[in-house]
Amino acid sequence: MADNNYEPSAEAKAGRPFPVSWDQFHRDCRALTWRLNEVGPFHAVIAITRGGLVPAAIVARELGLRVIDTVCVASYDHDKQSDLQVLKGVSPDVAKLGGGTGKGLLIVDDLVDTGTTGRLVRQMLPDAHFATVYAKPKGKPLVDTFITEVSQDTWIHFPWDTALSFQPPIRP
Ligand SMILES: O=P(O)(O)OC[C@H]1O[C@H](OP(=O)(O)OP(=O)(O)O)[C@H](O)[C@@H]1O
Ligand SMILES: Nc1nc2[nH]cnc2c(=O)[nH]1
Ligand SMILES: [Mg+2]
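Keep in mind the model is a prediction, meaning the values are calculated, not measured.

## Focus: the side chain of Thr154
Structurally, Thr154 is set in strand E8 (residues 154-157). A residue is classified by how much of its surface remains accessible, and Thr154, at 4% relative accessible area, is buried. Side-chain polar atoms of Thr154 contact the side chain of Ser151, separated by 2.9 Å.

## A look at the site of ligand 1
Around ligand 1, a shell composed of 15 residues is seen, among which Arg50, Asp109, Asp110, Thr114 and Thr117 lie nearest. Arg50 is positioned such that a nitrogen or oxygen atom in its side chain is 2.6 Å from an oxygen atom of ligand 1. Between Gly51 and ligand 1, the recorded distance is 2.8 Å, taken from a backbone N or O atom to an oxygen atom. Taking 490 Å² as the accessible area of ligand 1 by itself, protein coverage stands at 90%. Listed by contribution, the elements that provide at least two residues to the shell around ligand 1 are strand E3 (68-77), strand E5 (105-112) and helix H5 (116-124).

## Digging into the UniProt feature "binding site: xanthine" (unreviewed entry) in the protein chain
This chain's UniProt record puts "binding site: xanthine" (unreviewed entry) on Asp113 and Ile156. Sequence-wise these annotated residues cover 44 residues; spatially they are packed, their C-alpha atoms never more than 9.9 Å apart. Relative to the assigned elements, Asp113 resides in the loop between E5 and H5. Residue class for Asp113 comes out buried when judged on its relative accessible area of 13%.

Conventions we followed
Residues numbered from 1 in each chain as written. Chains lettered and ligands numbered in written order. Predicted model: local features only at pLDDT ≥ 70, side-chain atom pairs only at ≥ 80, totals over all residues. Heavy atoms only, no water. Helix = DSSP H or I, 4+ residues; strand = E, 2+ residues; numbered from the N terminus. Buried < 20%, exposed > 50% of the residue type's maximum accessible area, 1.4 Å probe, protein only. Polar contact = N/O pair within 3.5 Å; in protein donor to acceptor, adjacent residues only side chain to side chain. Near = heavy atom within 4 Å. Areas by Shrake-Rupley, 256 points an atom, 1.4 Å probe, with all protein chains shown as cover. UniProt positions renumbered as here; feature names shortened; annotations may be inferred.

So this is what it looks like as structure tokens:
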């Protein structure tokens, strides 16, 4: 029987796949850190889980930062966007370091897409610096620093979501 409730996933709607290798991701995170180094210094890094954990670790290593916090949010169930849920906010110690408004704090995420997640963290910490590795046009205005812009119809495949697999040759 036909499923009349079928709703295409965000990935299917985006259409254009953009696979990123570990190597490429590491290089892009380093490039991001070179830019952030011009903006800092920062008291602490706040990773937006889960995707922000990997770039936050690399950025923190490069900037010599050892105070790392998380804001835990969920907005996509695999690739279907649902209501944004805040599962954990900023820890009181780190909020204090940022004077309550986030001044001197660095928020890191892997990407901005529609900007829903970015908007929420900006509301929580309006004076923090918000950095992402990748940015799509709708979310770009929310980010202070990013490295690579991709089109809105691109779906980024991160190395922790993918695995090497056989590809048949183009000409059989
Ligand atoms: O700009 P938006 O449209 O809000 O999309 C961007 C957010 O979506 C992804 O997170 P997701 O909620 O899928 O969770 P994850 O980080 O745990 O993979 C990504 O890591 C960003 O945080
Ligand atoms: N992996 C992945 N997650 C997302 N969440 C919102 N947009 C994207 C995207 O392009 N790739
Ligand atoms: Mg995320």
